[in-house]
Amino acid sequence: MGLDQPKAVRAGEELDLDLLARCLETVGLRGPIEVQQFPRGFSNLTYLLRVDGTELVLRRPPVGSTVKSAHDMEREYRILAAIHPRFGRVPRPIGYFPEGPLYLMERVPGVILRDGAAPLEPSVMRTLSEATVDNLADIHRIDTKGLESLGRGEGYVERQVKGWADRYQKARTDDVPELERAITWLAEHLPAQAGSVLIHNDYKYDNLVLNPERLSDIRAVLDWEMATIGDPLMDLGTTLGYWMQADDPPAFRQLPFTLTSSAGNLTRAEVVERYAKRSGRPVDQPAFYYTFGLFKVAVIAQQIYYRFRQGLTQDERFAMLGMAVKLLGQQAWHTCQTGL
């Protein structure tokens, strides 16, 4: 376990240093710029900058992406600017620069738990998993006054199922019959909407910055690119989509979400129960929300895999995402048949 460490910038993902210097000057920073890249994310590109004794984090869209709504730097910057004074557990935004497009924010030092991290004591994982669920419920209590432009809350559930199905078809490369069946099942089992709140839409362990001295202390929540006004239980479903258990099928456990299956973690059923208690919202159709989460994660993987197949990105990690889509589809269809 250690701090989330940046590495050398990947080929093809370098920054325009002249542009960057001009951006930094507008926020009062001048001098030699050291640039490294946080290599583990699969969506927007994230860099560490060191200039004039200051560390900053830079975010920009991935190379070759055509899904503009998921990589809107101005929108993500505005979300951070609005949330920071209300919630606190987000990095302080510093500046948005449309010529990038990119934005700068403070670096919040701490531990980010990635798949493959050294095992933690079961008691530590227990308190961390509980804190993670509690923090999601707290996000759903954030005052949304002035944030209404982020999304239309009404009709969110149906719109999300249809929207992600459309995205899947546009990025489709291989036949995944189980995922197709799960899409149909979701459309036939839409629950009533549970409310309209600010939702993160990609909430999982590796989007949390933790206090190294006490891992259950969440310092910051990262990656707000998909945040919107929507149904809180759909947000819970996305988190469940990343939440693996020790008794999941061996093939499914090949996916990089195994940290949640280590000893001490809440099970998915316990996540649902704790969220319901913390938030005061009943979760009457947990299988729907889990299936939706798996489906959504599968579509995100499919979109990235499509870019890889088109030669728009050279990141070798993406070559395995086609298999990930199939495994997620199998788990989604299994949940449709058996429940959470």
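This section reports on the structure supplied with the text. (Residues numbered from 1 in each chain as written. Predicted model: local features only at pLDDT ≥ 70, side-chain atom pairs only at ≥ 80, totals over all residues. Heavy atoms only, no water.)

## Some remarks on empty space enclosed by the protein
Then, number 1: One pass over the full model with this rule turns up two cavities of 30 Å³ or more.
Then, number 2: Roughly 40 Å³ of volume is contained in the second largest cavity.
Then, number 3: The wall of the second largest cavity is formed by Arg 59, Glu 76, Leu 80, Pro 91, Tyr 103, Met 105, Val 221, Leu 222, Asp 223 and Trp 224.
Then, number 4: Here the residues of the lining of the second largest cavity are counted per class, giving seven nonpolar, no polar and three charged. (1 Å grid on protein atoms, 1.4 Å probe; cavity = no way out; pocket = protein on both sides within 12 Å on 5 of 7 lines; lining within 4 Å. Points joined across faces, edges and corners; volume = space filled by probe spheres on them. Nonpolar A, V, L, I, M, F, W, Y, C, P; charged D, E, K, R; others polar.)

## Regarding the pairing of strand E3 (residues 54–60)
Then, number 1: Burial runs high along E3: five of the seven residues are buried.
Then, number 2: Note: strand E2 (residues 45–51) against E3, seven bridges, orientation antiparallel. Across the sheet, Leu 48 pairs through a bridge with Val 57, a residue of E3.
Then, number 3: Joining the antiparallel neighbours E2 and E3 is a turn of two residues, in which Asp 52 adopts a positive phi near 55°. (Buried < 20%, exposed > 50% of the residue type's maximum accessible area, 1.4 Å probe, protein only. Helix = DSSP H or I, 4+ residues; strand = E, 2+ residues; numbered from the N terminus. Pairing = 2+ DSSP bridges.)

## Some words on the packing of aromatic side chains
Then, number 1: Within the structure shown, the criterion is met by seven aromatic pairs.
Then, number 2: Ring centres 6.4 Å apart and planes at 70° place the aromatic pair Phe 292 and Phe 295 in the edge-to-face group. Taken as a pair, Phe 292 and Phe 295 lie in helix H8 (residues 286–309) at a separation of three residues, close to a single helical turn.
Then, number 3: On the accessibility criterion, Phe 292 (1% relative accessible area) is buried.
Then, number 4: With relative accessibility at 0%, the residue Phe 295 sits in the buried group.
Then, number 5: Here the aromatic residues Tyr 77, Tyr 96 and Tyr 103 are joined through ring pairs into a cluster of three or more.
Then, number 6: Its guanidinium or amino end placed over the ring of Trp 164, Arg 167 lies 4.4 Å from that ring's centre, counting from NZ or CZ.
Then, number 7: The ring of Tyr 242 has Lys 204 sitting right over it, with the charged end atom 4.9 Å from the ring centre. (Phe/Tyr/Trp six-rings, centres within 6.5 Å; stacked < 30°, edge-to-face > 60°. Lys NZ or Arg CZ within 6 Å of the ring centre and 35° of its normal.)

## Concerning the pattern of salt bridges
Then, number 1: Summed over all chains, the structure comprises 22 salt bridges.
Then, number 2: The partner of Glu 13 in a salt bridge is Arg 10, and the shortest N-O contact between them spans 2.9 Å.
Then, number 3: Among the ionic pairs, Asp 206 bridges to Arg 114, the shortest N-O distance being 3.7 Å. You can see Asp 206 sitting in the loop between strand E6 (197–199) and strand E7 (208–211) and its partner Arg 114 sitting in the loop between strand E5 (102–106) and helix H3 (122–139), a full 92 residues away along the chain.
Then, number 4: With a relative accessible area of 22%, Asp 206 lands in the partly exposed category.
Then, number 5: Residues participating in the shared-partner salt-bridge network are Arg 89, Arg 126, Glu 130, Asp 134, Asp 138, Arg 141, Glu 270, Arg 274 and Arg 278. (Salt bridge = Lys/Arg side-chain N within 4 Å of Asp/Glu carboxyl O.)

## Some details on the sheet that holds E3
Then, number 1: The strand order across the open sheet built from five strands is E1-E2-E3-E5-E4, with neighbouring strands paired in antiparallel fashion. Both outer strands of the open sheet, strand E1 (33–38) and strand E4 (93–97), are each paired with one neighbouring strand and no more. Averaged over all neighbouring strand pairs, the angle between strand axes comes to 25°, with direction disregarded.
Then, number 2: The pairing of E4 with E5 spans four bridges and is antiparallel. Looking at E5, one finds that Phe 97 is bridged to Leu 102.
Then, number 3: Sheet strands in contact with helix H1 (residues 17–26) are E1, E2, E3, E4 and E5, and its direction is about 105° off that of E1. (Axes fitted to C-alpha atoms, helices over the stretch in contact; angles between N-to-C directions. Contact = heavy atoms within 4.5 Å.)

## So, the packing of H3 against helix H7 (residues 268–279)
Then, number 1: The geometry of H3 relative to H7 is characterised by a closest axis approach of 9 Å and an angle of 45° between their N-to-C directions. In terms of orientation, H3 and H7 fall into the oblique class. Crossing geometry of H3 relative to H7 is assigned as right-handed. Across from Arg 126, Glu 130, Val 133, Asp 134, Leu 136, Ala 137 and Asp 138 in H3, the residues of H7 making contact are Glu 270, Val 271, Arg 274, Tyr 275, Arg 278 and Ser 279.
Then, number 2: Tallied by class, residues from the contact of H3 with H7 come to five nonpolar, one polar and seven charged. (Parallel < 35°, antiparallel > 145°, perpendicular 65-115°, else oblique. Left-handed = near helix turned anticlockwise from the far one by under 90°.)

## Some points on the packing of helix H6 (residues 232–241) against H7
The angle between the axes and the distance between the axes are what describe a pair of packed helices.
Then, number 1: Look at H6 against H7: their axes get within 11 Å of each other, and the N-to-C directions meet at 155°. For the element pair H6 / H7, the angle class is roughly antiparallel. Helix-helix and strand crossings are classified by hand; for H6 and H7 the assignment is right-handed. Between H6, through Pro 232, Leu 233, Leu 236 and Leu 240, and H7, the contact on the second element is made entirely by Arg 268, Val 271, Val 272 and Tyr 275.

These values are about where atoms sit, not about what they do.
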